[in-house]
Amino acid sequence: MQLDWTSRFGNVKAILQLKKSLNLGDIPDHFQIVANKLLELEGTFTDGFDNNIKYLLDKTNWNLSNCKQGKPAVVLKKHCNQYAFDLHCFPVVKNEPQAMIKAFDSNSPFKEFNPSILGPLLSIPKLSDFICVTIRCGDDADIELLKYAHMLLEQLLDLLATSLEVVENSGQSIKEVFVSIEQQLKTIKSA
């Protein structure tokens, strides 16, 4: 399936409306799980709730004496498995990305950020399952939700790259995960 990875929709609510119109008002669980996580990501900067992304971008949480060119150095890693698609952020301490940092580490570029306690910046549960369902029997709304998820993730990565000193950005994008799963399904089908 050759896709243009630009979503026609500007928010999750519009895609939910499309899904409802295609499914006579029914929203399957696998679709709802992904949509809810994307709604949460959309609200990251509009809702008043604190989260890891806001913490990383808040300059009052930076330990400026350990920043490169006035920005904290971080490593971003994307990882997808059967449980979730995760975006992790690891502060660079003494030129090494750290998954665990002692509280108030004087060498950290952040005052309190500890990835092992705070977890991923973004986690989309069951994304690989949703991609499989979309490839096998998905409708237009499923495809649009995947495109929108890819677009939102790329926008978040661009924001982080602009605001922080990203020394490494590794792992597959949502588009690359989709292509990989599609290829695996074709291989299984032809075997």
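Above this text you will find the structure in question.
Residues numbered from 1 in each chain as written. Predicted model: local features only at pLDDT ≥ 70, side-chain atom pairs only at ≥ 80, totals over all residues. Heavy atoms only, no water.

(A) The packing of aromatic side chains, seen in detail. Within the structure shown, the criterion is met by 5 aromatic pairs. Ring plane angle 70 degrees and centroid distance 6.0 Å describe the contact between F31 and F130, whose orientation is recorded as edge-to-face. Taken together, the residues F31 in helix α2 (residues 29–42) and F130 in helix α5 (residues 127–137) connect sequence positions 99 residues apart. For F31, a relative accessible area of 0% translates into the label buried. Among the residues examined, F130 registers a relative accessible area of 0% and is labelled buried. The interplanar angle of 20 degrees and the centroid separation of 6.2 Å between the aromatic rings of Y55 and F113 together place this pair among those described as stacked. Separated by 58 residues along the polypeptide, Y55 in helix α3 (residues 52–57) and F113 in the loop between β3 (96–97) and α4 (115–118) bring together distant segments of the chain. (Phe/Tyr/Trp six-rings, centres within 6.5 Å; stacked < 30°, edge-to-face > 60°. Helix = DSSP H or I, 4+ residues; strand = E, 2+ residues; numbered from the N terminus. Buried < 20%, exposed > 50% of the residue type's maximum accessible area, 1.4 Å probe, protein only.)

(B) Structural context of helix α1 (residues 12–22). The set of residues buried in α1 consists of V12, I15, L16, L18 and K19. Looking straight down α1, one finds its buried side chains confined to an arc of 160 degrees; they lie on one side. Within α1, the exposed residues directed more than 90 degrees away from the buried face are K13 and S21. Tucked inside the fold, the buried residues of α1 contact α2 and α6 (140–163). (Arc of directions from axis to C-beta. Contact = heavy atoms within 4.5 Å.)

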